[in-house]
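Tertiary structure, described
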Amino acid sequence: MLSSSSDWQKAEDSYHVAGKSSIACIIADSMMASFAVDVAGEAGIPIMYCHSACPSDLWAVLCVPILIEAGEIPFQGDDLDVPIANVPGPEGLLRRRDLSSFLRVGDLSDKNVQFIMNGAFQTRRARMILNTFEELEGPALAQIRSQADKEWKNQIPSELLEDSSQKGYIVSWASQEDVLDHKAVDQQCISRLITAVWKIGLDIKDTCDRVIIEKMIKELMDTRRVEFTQSVDQIAKLAKNAVSKGGSSYNNLDRLIEDIRSLDTD
């Protein structure tokens, strides 16, 4: 891991070709946002963030200062179904329970809260590659554009997947209970979108036991099967159009490639 400007300088020196650096930019995971942008700035290298989580969740975190000023956080009382009024874009959609769980703490000066918030705010200082497409999360993307320098929506090319398979490890199964119970798994905003906007899932709120799961399965199979099938088909068509020639993701991938090329020639 390269964790300081001196480390980057060593890497930079080792990749010079004909007196010119071959490092066009840094593409960092957004979880490194709290320090990566500073390192890139010290090294004089452009940086982009790859944000794999739901952009709507990112936007909600970026709105934390607004929510604090409006008195919506820290939460007053234990009712998690109280609507959130001051997140521009999805007005009236989000509830307290849909915000990231770290915002439920009473003390916003907690070091873990500050670390996560600082990382999110640092993303506004760099370009972003977002894991979505225009037709799916347009309102959130429009709001993020007002905060960020540039942003792209992109899918992973098959060539990259094939190459990474030689260097990484993909398992066929993992304990979902252990995965979902990990404190790092926290995307309540996308849960709200899935149930209330895209209508391809059911909201079990904070309870996940045998009785609730049985109830949800019966509701899905007996009551809302046709509705969900139609919703999934519609989103599938939108996704296919987005990655087809002339689609939003197709065009944004071209923009990303051209922008990286332009950085290399600057």
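Structure first, text after, so check above.
Summary of the structure given here. It should be emphasised that the depicted structure is a prediction, and the values quoted were computed from it without experimental measurement.

**Looking at the environment of Asp-79**
Relative to the elements of secondary structure, Asp-79 occurs in the loop between α4 (64–69) and α5 (111–122). With a relative accessible area of 45%, Asp-79 lands in the partly exposed category. Between the C-alpha atom of Asp-79 and that of Arg-95, which follows or precedes it by 16 residues, the distance is 9.7 Å. Here Asp-81 takes part through its backbone nitrogen, which lies 3.0 Å from a polar atom of the side chain of Asp-79.

**Re unusual backbone geometry**
Residue Pro-74 follows Ile-73 across a cis peptide bond; omega there is 0 degrees. Mapping Pro-74 onto the fold places it in the loop between α4 and α5. Despite not being glycine, Lys-199 has its phi angle at roughly 55 degrees, a positive value. Mapped onto the elements of the fold, Lys-199 is located in the loop between α9 (188–197) and α10 (210–223).

**With respect to the packing of helix α3 (residues 55–62) against helix α6 (residues 134–145)**
Put simply, α3 and α6 touch, their axes get as near as 9 Å, and they point 45 degrees apart. Regarding the angle of α3 to α6, the classification is oblique. Like other packed secondary-structure pairs, α3 and α6 cross with a definite hand, here left-handed. Between α3 and α6, the contacting residues are Pro-55, Ser-56, Leu-58 and Trp-59 on the first element and Glu-137, Ala-140, Leu-141, Gln-143 and Ile-144 on the second. Of the residues assigned to the contact of α3 with α6, the class counts are six nonpolar, two polar and one charged.

Conventions and cut-offs
Residues numbered from 1 in each chain as written. Predicted model: local features only at pLDDT ≥ 70, side-chain atom pairs only at ≥ 80, totals over all residues. Heavy atoms only, no water. Helix = DSSP H or I, 4+ residues; strand = E, 2+ residues; numbered from the N terminus. Buried < 20%, exposed > 50% of the residue type's maximum accessible area, 1.4 Å probe, protein only. Polar contact = N/O pair within 3.5 Å; in protein donor to acceptor, adjacent residues only side chain to side chain. Axes fitted to C-alpha atoms, helices over the stretch in contact; angles between N-to-C directions. Parallel < 35°, antiparallel > 145°, perpendicular 65-115°, else oblique. Left-handed = near helix turned anticlockwise from the far one by under 90°. Contact = heavy atoms within 4.5 Å. Nonpolar A, V, L, I, M, F, W, Y, C, P; charged D, E, K, R; others polar.

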